[in-house]
Amino acid sequence: MARKKEVWNKTVDENLKKNLMLTAYAAYENGCELSKDARILFDAQRYSRATALAILAEEEFCKAFTLKMSADNYRWDSRLYLALRNHANKQGLAEALMTYTEYANAEARLIGLSAWASLDEGKLKEVVAAAKERLIKPVKDYLKQDSLYVSISEDGAIKSQPKDITKEYAESSLVSTRVFQTIVATALGDESVHEEFLKI
């Protein structure tokens, strides 16, 4: 018999808000360390492991962002909690936030603003819908797995191996992770990344 998932919703008081923020900062710091380790592996030409750690770092940054938003919006429930444990959901959210930030910053530059002043809800919904559609086939999660494991086909043959991950995959993953790290750092109030954020 399948176990029914417990549904819960907690009132976010000051203590829970403090816990959410402390956990957000811990997840962010862990993401930073994973990102640094990914760079070390990349420099050592260990591209498959660098790719996997870069993607894991991005997932930790997404966890930090989600926890920060939960604290800010006084929302903490089983749905959010379970989403934090789903790799594809975190990767999809990261992709949507990067796509929207890139769009909003480009729009702001077009009209001469240094940063976007308001949310384009229509564009945000479009970006989120596109990210949800891509969750059907979580490409980034497959890449992370391919970076770590030998994949086997139904006829028992090797389908892919970590050594198949190229420098270009690793480099792309590191760049994506750095962009998302900048977005999350900005959300967490780190003003030292402001100029980098505006270039996204």
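Because the structure is predicted, anything quoted here is derived from the model rather than measured. (Residues numbered from 1 in each chain as written. Predicted model: local features only at pLDDT ≥ 70, side-chain atom pairs only at ≥ 80, totals over all residues. Heavy atoms only, no water.)

Q: What am I meant to see in the environment of Leu119 here?
A: Its location among the elements puts Leu119 in the loop between helix 4 (87-110) and helix 5 (121-134). Owing to a relative accessible area of 47%, Leu119 belongs among the partly exposed residues under this scheme. In this structure, Leu119 is in contact with Tyr100 and Leu124, ignoring residues within four places of it in sequence. (Helix = DSSP H or I, 4+ residues; strand = E, 2+ residues; numbered from the N terminus. Buried < 20%, exposed > 50% of the residue type's maximum accessible area, 1.4 Å probe, protein only. Contact = heavy atoms within 4.5 Å.)

Q: Explanation requested: the nonpolar core in the structure shown.
A: Membership of the largest hydrophobic core comes to 39 residues, with the highest contact counts inside it found for Leu20, Tyr28, Phe61, Trp76, Phe180 and Val184. Going through the elements one at a time, helix 1 (14-43), helix 2 (47-72), helix 4, helix 7 (167-187) and helix 8 (194-198) are the ones with two or more residues in this core. Among the elements that line this core, the one with the most residues is helix 2, at 11 residues. The contact partners of Val184, leaving out residues within four places of it in the chain, are Tyr28, Phe61, Ala64 and Phe65. (Core = buried A, V, L, I, M, F, W, Y, C linked by side-chain atoms within 4.5 Å.)

Q: What should I look at first to understand helix 1 in this one?
A: Residue pairs three or four apart in sequence face the same way in an α-helix, which turns once every 3.6 residues. The terminal C-alpha atoms of helix 1 lie 43 Å apart, and with 30 residues this matches the ideal 44 Å at 1.5 Å per residue to within 8%. In this structure Asp13 caps helix 1, since a side-chain oxygen of it lies 3.2 Å from the backbone nitrogen of Asn15. (Expected span 1.5 Å × (residues − 1). Polar contact = N/O pair within 3.5 Å; in protein donor to acceptor, adjacent residues only side chain to side chain.)

Q: Even after reading the chapter, I still don't get the packing of helix 4 against helix 7, so can you show me in this structure?
A: Packed helices, taken two at a time, are described by their axes: the angle between them and the distance between them. Between helix 4 and helix 7, the least distance of the axes is 10 Å, while the angle of their chain directions is 75°. Classified by the angle between their axes, helix 4 and helix 7 sit roughly perpendicular to one another. From helix 4, Ala94, Leu97, Met98 and Thr101 reach across to helix 7, where they touch Ser176, Val179, Phe180 and Ile183. Residues of the contact of helix 4 with helix 7, tallied by class, amount to 6 nonpolar, 2 polar and no charged. (Axes fitted to C-alpha atoms, helices over the stretch in contact; angles between N-to-C directions. Parallel < 35°, antiparallel > 145°, perpendicular 65-115°, else oblique. Nonpolar A, V, L, I, M, F, W, Y, C, P; charged D, E, K, R; others polar.)

Q: Before we go on, may I ask you to explain the confidence of the model for the protein chain in this structure?
A: Low pLDDT means the predicted coordinates in that region are not meant to be read closely. Predicted confidence across the protein chain gives a mean pLDDT of 92, with 96% of residues reaching 70 or more. At the level of individual helices and strands, the protein chain shows its lowest average pLDDT in helix 5, which scores 82, and its highest in helix 1, which scores 98. (pLDDT = per-residue confidence, 0-100.)

Q: Explain the pattern of salt bridges here, please?
A: Should their charged atoms come close, side chains of opposite charge can pair. Going through the model one piece at a time under the given rule, you end up with 9 salt bridges. For Glu33, the salt bridge is made with Lys36, and the minimal N-O distance between the two is 3.3 Å. Taken as a pair, Glu33 and Lys36 lie in helix 1 at a separation of 3 residues, close to a single helical turn. By relative accessible area, Glu33 is classed as partly exposed at 39%. You can call Lys36 partly exposed: its relative accessible area is 48%. Ionic pairing is found between Asp77 and Arg75, a salt bridge with its closest N-O pair at 2.6 Å. Taking relative accessible area as the criterion, Asp77 reaches 10% and is therefore assigned buried. The partly exposed category is assigned to Arg75, whose relative accessible area is 37%. Overlapping salt bridges, with partners in common, bring together Glu59, Asp141 and Lys144 in one network. (Salt bridge = Lys/Arg side-chain N within 4 Å of Asp/Glu carboxyl O.)

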